[in-house]
Structure formats: C-alpha cells, structure tokens
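# Observations on the model geometry
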Amino acid sequence: MKNLVVATLFLFSFYGISQTLLKPDRVFDGTEMHENWVVLVQGNTITQVGPEDRMAIPKKTKIIDLSGTTLLPGLIEGHSHLLLHPYNETSWNDQVLKESPVERSIRGVVHAKNSLMAGITTMRDLGSEGAGYSDVYLKKSIDAGIVPGPRLLVAGPAIVATGAYGPKGFHDGVTVPLGAEAASGNEVVKTVRRQLGNGADFIKIYADYRWRSGEASNPTFSLQEIQLMNETAKSAGRYIVAHASTPEGMRRAILGGAETIEHGDHGTLEVFQLMKEKGVALCPTLAAGDAVSQYNGWQKGRDPEPDRIVQKRASFKLALQAGVTIAFGGDVGVFSHGDNVRELQMMVDYGMEPLAVLQAATSVNAQVFHQDALGKLEKGFLADIIAVEGNPTTDISKMRAVQFVMKDGRVYKQP
Ligand SMILES: [Zn+2]
C-alpha cells in the first residue's frame, strides 16, 4: 500500500501536478481543532491532513508557511444576494427600480471578488431580487475563470405569491419590475420548471411577506401550493428553501418540504421543534435585522436594543433550545459583501459556541446544501482552504483577518 502511495505521488510530480504543503499553527478540519497539523494539497484535492511527522511529504513539494494562523475549510455563506448592495447606500426599492440588471451584474462582479477575498469560497445566493437570471450568468463567468468569485449555488429570480411582493405603492396601471417572479395555484409548477430550466440550482419561495408596505408579514402560499412546488423541484433532483418569519408561514414551509427556513424571526418553540423533527435547518440572518435596525436609526451599543432585535435574540434562543440545525447565512447584500463575518460574530453574541459557529460555516452548511466534497479538510475533499490570524475559537473576530485563500487548489490570497 505504501509503495502504491509513493508511486502515485511520483507520478503526480512527474506529470507536474503541483503539490503544496500548508503549514499553519493549527487546523480546524470542519469539526475539531488540531494543534500543529498540516495539510497537503495536490492539484485541486486535499491528499493528506495531520501532524507533519506522520505524513509522507513528496520531494519538490512547495511549502507555504502560514505560521501564526489557523487553517480552515473555505467558508460557505448560506444566504447572500450578490446582486444587492447595502440599503443605506441605495434602498431596495431604488435598486430594483432604477439600477438595470447590467449595472447590478457589474456590481455583482465586485461583490463576488470581495466575498472570495474574505474567505467565502462557496456561496448560496438566495435570489436576484429583480435582476432575472443575472446570478446564473455571474456563476457561469466565475466557473469559466473570467472573474474571481466563490462557487455559487443560485436561486435565480425566486418565487412569490401573486400580489405579495414589492416594490409597492404604485397604482394598478403602472407596471413595475418585481423583486421576484409571481405565481399562484397550479401555475407554480410551470414557474418552478421554468426557473430550473433557466439555471436555478434550487427554488427559493416566499412563504410569508408583508402584503402592504409597513405592515407585519402574513402567510402567502397555501400548503398545497408549497407542496406542488416541492414535488416539482424534487422530481427534477432539486429542492426548495423558504423565506419565512411568521409561525404559520414557517409551519407551511416545513410541512411543504422546504429544506431550509430563511430568517425565522417569529418562530415559536413549537415551530422550531417541528423543524428539528423534520430535519429542516434554520438560516437565521441575524446580521440583516441588525443592519436594517441601524439603518433605521438605532445606535448600536448606545441605545437600548429595539423590539426587533430583542425578539430575534429570543427566537434564536428557542431554535437553539429545540436543537435545530443552524446554518451560517447573514443575508449579505443588505450589508457589505466581504463583511460576511458579521453573522459569525452575531451567532456567538446570540448564544452559540465559537466552535459550533465554525462548524456551521463549513461542514454543516456543506451537508445542508448537499456539497459532499466541501466543508472539511479531509483526504479526498476539494482544496477550498483559508487561513486566518490567531485562533478564532478564542476570538471569533479573527475570522476577519483572512491571510490566505485557496479555491479549487488555486491560491487567490497569500501572506
Ligand atoms: Zn435574503
């Protein structure tokens, strides 16, 4: 067996498949932290992980000294909008109404690069918000190597119930571009099929929303409609995820087959227990509510926390109490792309252990998003690897100090 390994390594070096040894202070493998481990990469694959003295390092291996850092699997952002930029720069309405999909795609190129440099090597994008299939085309451009960016899993336009989404406030004779595609009744089947055919990797639905600007959310799709969309997606080998923040919207989405619930702000213990029972993960988007509250005038750290934040802290606690799988997803785009770590910091602030937060951002998200070769530093996994300064389990803010980024075996950032 050992001879075979040596022969294979010889062949790899003979044919010029590059080997790189990454030497940090410690390795977070997606599950646990290991002091003094190293990682060997060949081409785009991780081939060995462990203490260096127990590994057979081939001659001519390139060594990258990452002392002072922790090596981690590339981060997997679970809820982004690459085609949006912070609402305190331009309101969501104005972005949808006044910025063309071309302008938004150009911005998206910059956002994708900023995300990758911040250590996000995979990103689930949860809807183009009025920019059609620009996310599909951005993904295609990244995959073709035209522009740098994370591996993308994209939703395309997303689906809302007729009448339930914005921009709103126009008389009925004015046609405005909607932030998602509207459908109702049996028509939802056609809409799912069209979106999948046009390149959506999964289907994002809105299970509840504000029927009028300024009011509280209420359920949108019936359970039957959600089941129809789920069956249609499932039969095509895909799945649905749901925006939901009301208990009834969440309940319908869970029973209807959604694999993740996005936001979940008003979830009750009962609803979270149902999620746990059905194996549905929560993408809490803590950072989005926090950002919007600040845009609305809340001086964080000076003023008392507004109701929205108090409520969010309480419901997140209930989700943890019920043992719901927590995904990392901050709704980045509402705040700056590249500032994804905000969500990780808030997950700790709202009651999660730093190690569990790192798991959520790597192995847990990989599993929830069906990415079998990502999220772990283990033999045979794809070489999506980052290094951050210091030890993020003792100080989660270290996740901001990204020193090294490798995606698919290619180095994008190096000290
Ligand atoms: Zn979102």
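Residues numbered from 1 in each chain as written. Predicted model: local features only at pLDDT ≥ 70, side-chain atom pairs only at ≥ 80, totals over all residues.

### Structural notes on the nonpolar core
Cut-off, in case you're wondering: Any nonpolar core is a set of buried residues, restricted to Ala, Val, Leu, Ile, Met, Phe, Trp, Tyr and Cys, that join up through C-beta atoms within 7 Å. With C-beta atoms placed from the backbone, a residue counts as buried when 20 or more other C-beta atoms lie within 10 Å of its own, as exposed when 12 or fewer do, and as partly exposed for counts between those limits. The source of the domain bounds is an automatic or database domain assignment. Two residues qualify as being in contact provided that their C-beta atoms, derived from the backbone, are within 7 Å of each other.
Ranked by internal contacts, the top residues of the largest apolar core, which has 112 residues, are Val 39, Leu 71, Ile 203, Ile 205, Tyr 206, Met 229 and Ile 261. Of the domains in this structure, domain 1 (2-73 + 375-413) and domain 2 (75-368) are the two that each give at least three residues to this core. Filtering out sequence-adjacent residues up to four positions away, Leu 71 remains in contact with Leu 22, Pro 24, Val 27, Phe 28, Val 39, Leu 66, Leu 377, Ile 385 and Ala 387.

### Considerations on helix α10 (residues 307-322)
Cut-off, in case you're wondering: For helices the rule is a DSSP run of H or I covering at least 4 residues; for strands it is a run of E covering at least 2, with both sets numbered from the N terminus onward. What a helix is expected to span follows from its residue count: subtract one and scale by 1.5 Å. The arc in question is traced by the directions running from the helix axis to the C-beta atoms.
Counted at 1.5 Å a residue, the expected span for α10 with its 16 residues is 22 Å, and the 23 Å between its end C-alpha atoms agrees. All of the buried residues along α10 are Lys 312, Ser 315, Phe 316 and Ala 319. Seen end-on, α10 carries its buried residues on one side only, within an arc spanning 105 degrees. Pointing more than 90 degrees away from the buried face of α10 are the exposed residues Asp 307 and Val 310. Structurally, α10 contributes buried residues whose contacts are with α8 (269-278), β16 (281-283) and α9 (286-295). Trailing α10 by a residue or two, Gly 323 shows a phi angle of about 80 degrees, which is positive.

### A closer look at the sheet that holds strand β8 (residues 151-154)
Let me state the cut-off plainly: Think of it this way: DSSP has to see at least two bridges between two strands before they count as a pair. What counts as an axis is a line fitted to C-alpha atoms, over the stretch in contact for a helix, and the angles between N-to-C directions run from 0 to 180 degrees.
Taking strand neighbours across the sheet as the criterion, the three strands line up as β6-β7-β8 in an open arrangement whose pairing is parallel. Strands at the two margins of the open sheet, each flanked by one partner only, are β6 (75-80) and β8. On average, each strand axis in the sheet is tilted by 15 degrees relative to the strand beside it, whichever way the strands run. Here strand β7 (residues 120-125) runs beside β8; their pairing, made up of four bridges, is parallel. Bridging from a neighbouring strand, Arg 124 pairs with Leu 153 of β8.

### Notes on the domain arrangement of the protein
Inclusion rule: For this scheme, ten residues count as nonpolar: Ala, Val, Leu, Ile, Met, Phe, Trp, Tyr, Cys and Pro. Four count as charged, namely Asp, Glu, Lys and Arg, and the remainder, Gly too, count as polar.
Taken as a whole, the protein is organised into domain 1 (2-73 + 375-413) and domain 2 (75-368). Computed from C-alpha coordinates alone, the two centres of domain 1 and domain 2 are separated by 32 Å. Contact with domain 1, which involves 20 residues of that partner, is made by 23 residues of domain 2. If you list the elements that add at least two residues to the side of domain 1 that touches domain 2, you get β5 (62-73), β18 (402-407) and β19 (410-413). The dominant element in the side of domain 1 that touches domain 2, judged by the number of residues it contributes, is β18, at three residues. Grouping the amino acids of the side of domain 1 that touches domain 2 by side-chain chemistry returns 10 nonpolar, five polar and five charged.

### With respect to the environment of Lys 113
With respect to the helices and strands, the residue Lys 113 is situated in helix α3 (residues 101-117). Aside from chain neighbours lying at most four places away, what touches Lys 113 is Val 147, Pro 148 and Gly 149.

### Side note on the packing of α3 against helix α4 (residues 134-143)
Stated precisely, the cut-off is as follows: Roughly parallel here means an angle under 35 degrees, roughly antiparallel means over 145, roughly perpendicular means 65 to 115, and every remaining angle is called oblique. In this scheme, a crossing is called left-handed if the near helix is turned counterclockwise away from the far one by less than a right angle; it is called right-handed if the turn is clockwise.
Running from N to C, α3 and α4 point in directions that differ by 45 degrees, and their axes come no closer than 10 Å. As judged from the angle between their axes, α3 and α4 are oblique. When the axes of α3 and α4 are compared, the crossing they make is right-handed. Only Ser 134, Tyr 137, Leu 138 and Ile 142 of α4 make contact with α3, whose side of the interface consists of Pro 101, Arg 104, Ser 105, Gly 108, Val 109 and Ala 112. Its residues assigned to classes, the contact of α3 with α4 comprises six nonpolar, three polar and one charged.

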